[in-house]
Amino acid sequence: MLALVIAIGAHACQTADTSGLSVTGMEQLVFQKVNEYRRSQGLLDLEWNTDVADLARNHSQDMAEGTVPFGHDGFSGRVSELSSLFRISAAAENVGLTSNLDSAAVVVVDAWIANPTHKDNIEDDFNTTGVGVARNASSDTWYFTQLYVKVRR
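These numbers were taken from a predicted model, which means no experiment stands behind them.

Trainee: Help me understand the packing of helix α1 (residues 23–40) against helix α5 (residues 116–123) in this model?
Mentor: Working note: a packed helix pair is described by the angle between its axes plus the distance between those axes. Two elements in contact, α1 and α5, have axes separated by 10 Å at closest approach and are oriented at 80°. In terms of axis orientation, α1 runs roughly perpendicular to α5. On α5, the residues that touch Val 34, Tyr 37 and Arg 38 of α1 are Lys 119, Ile 122 and Glu 123. Taken together, the residues that form the contact of α1 with α5 break down as three nonpolar, no polar and three charged.

Structure follows, in structure tokens:
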């Protein structure tokens, strides 16, 4: 699981303007785009879980505030928290950041799909997910975390 820094020039904006979306709207757009991609690969949709999203959102907020560096710091703690909520057999995480304010959520998902490690997380045999987004207003940078969990049923 690698961290992903996205440097996108203005010429890369070939998607719909999502600058007016709320944080919750951005989270739902990432969730939707990842599931659309999974369906295109013949995979089942991931199920949204609010507790997982809360953990992801907290990590994105910590990165946006500079409490933790951009990356996967604290991932094992998030997995421990997930283990206290569910019977899990696996977990993974994708993180991303971008200053592309026009289509941040789409840019991040497209970059994850283009990166083999992040793509593997998206395509793996997970069944549950949550997405958390936060913005650092002073740098106009969006931070994204998506947690993937295989919950044993």
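Now that the structure is up, let's keep going.
Trainee: Looking at this structure, I do not really get the pattern of salt bridges. What am I missing?
Mentor: Under the counting rule described, the total for this entry stands at eight salt bridges. A salt bridge links Lys 150 to Asp 125, with the shortest nitrogen-to-oxygen separation between them at 2.7 Å. In this pair, Lys 150 sits in strand β5 (residues 141–151) while Asp 125 sits in the loop between α5 and β4 (128–136), placing the two residues 25 residues apart along the sequence. On the basis of relative accessible area, Asp 125 is assigned to the partly exposed category, the value being 49%. Through salt bridges with shared partners, a single network forms among Glu 27, Asp 54 and Arg 57.

Trainee: Looking at this model, I keep getting lost on the confidence of the model for the protein chain. Mind explaining?
Mentor: Low-pLDDT portions of the prediction should not be read for the details of their coordinates. Per-residue confidence for the protein chain gives a mean pLDDT of 88, with 87% of residues at or over 70. Here residues 1–17 is a poorly scored stretch, pLDDT under 50, and it has 40 contacts once near neighbours within four places are set aside; other chains count.

Trainee: Where do I start with unusual backbone geometry in this structure?
Mentor: Only a minority of non-glycine residues have a phi that is not negative, and only a minority of peptide bonds are not trans. Unusually for a residue other than glycine, Asp 140 sits at a positive phi of about 50°. Note on placement: Asp 140 falls in the loop between β4 and β5.

Trainee: Please clarify how the pairing of β4 should be interpreted in this entry.
Mentor: Along any regular strand the residues' side chains alternate between the sheet's two faces. By the criterion of burial, β4 is predominantly enclosed, with eight of the nine residues buried. In this sheet, β4 lies alongside strand β2 (residues 47–48) in parallel orientation, the contact comprising two bridges. Residue pairing for β4: Glu 47 is matched across the bridge by Thr 128. Sheet topology places β4 next to β5; nine bridges connect them, and they run antiparallel. Pairing of Gly 130 across the sheet is with Leu 147, part of β5. Linking two consecutive strands that pair antiparallel, namely β4 and β5, is a turn of four residues; a positive phi of about 50° is found at Asp 140 within it.

Trainee: Got a minute to help me understand α1 in this structure?
Mentor: Residues three or four positions apart in an α-helix share a direction because the helix packs 3.6 residues into each turn. With 18 residues, α1 should cover 26 Å at 1.5 Å per step; its first-to-last C-alpha distance of 26 Å lies within 8% of that length. Within the sequence span of α1, burial applies to Gly 25, Met 26, Glu 27, Leu 29, Val 30, Phe 31, Val 34, Asn 35, Tyr 37 and Arg 38. Residues of α1 that are buried in the fold lie against β2, α2 (50–65), α4 (104–114), α5, β4 and β5. After α1 finishes, the residue Gly 42 shows a positive phi value of roughly 80°.

Trainee: Help me understand the packing of α4 against α5 in this model?
Mentor: At a minimum axis distance of 5 Å, the contact between α4 and α5 shows a crossing angle of 100°. Our classification of the angle between α4 and α5 gives roughly perpendicular. Residue-level contacts link Trp 112, Ile 113 and Ala 114 of α4 to Pro 116, His 118, Lys 119 and Ile 122 of α5. Among the residues making up the contact of α4 with α5, the classes are represented as five nonpolar, one polar and one charged.

Reading the values: the criteria
Residues numbered from 1 in each chain as written. Predicted model: local features only at pLDDT ≥ 70, side-chain atom pairs only at ≥ 80, totals over all residues. Heavy atoms only, no water. Axes fitted to C-alpha atoms, helices over the stretch in contact; angles between N-to-C directions. Helix = DSSP H or I, 4+ residues; strand = E, 2+ residues; numbered from the N terminus. Parallel < 35°, antiparallel > 145°, perpendicular 65-115°, else oblique. Contact = heavy atoms within 4.5 Å. Nonpolar A, V, L, I, M, F, W, Y, C, P; charged D, E, K, R; others polar. Salt bridge = Lys/Arg side-chain N within 4 Å of Asp/Glu carboxyl O. Buried < 20%, exposed > 50% of the residue type's maximum accessible area, 1.4 Å probe, protein only. pLDDT = per-residue confidence, 0-100. Pairing = 2+ DSSP bridges. Expected span 1.5 Å × (residues − 1).

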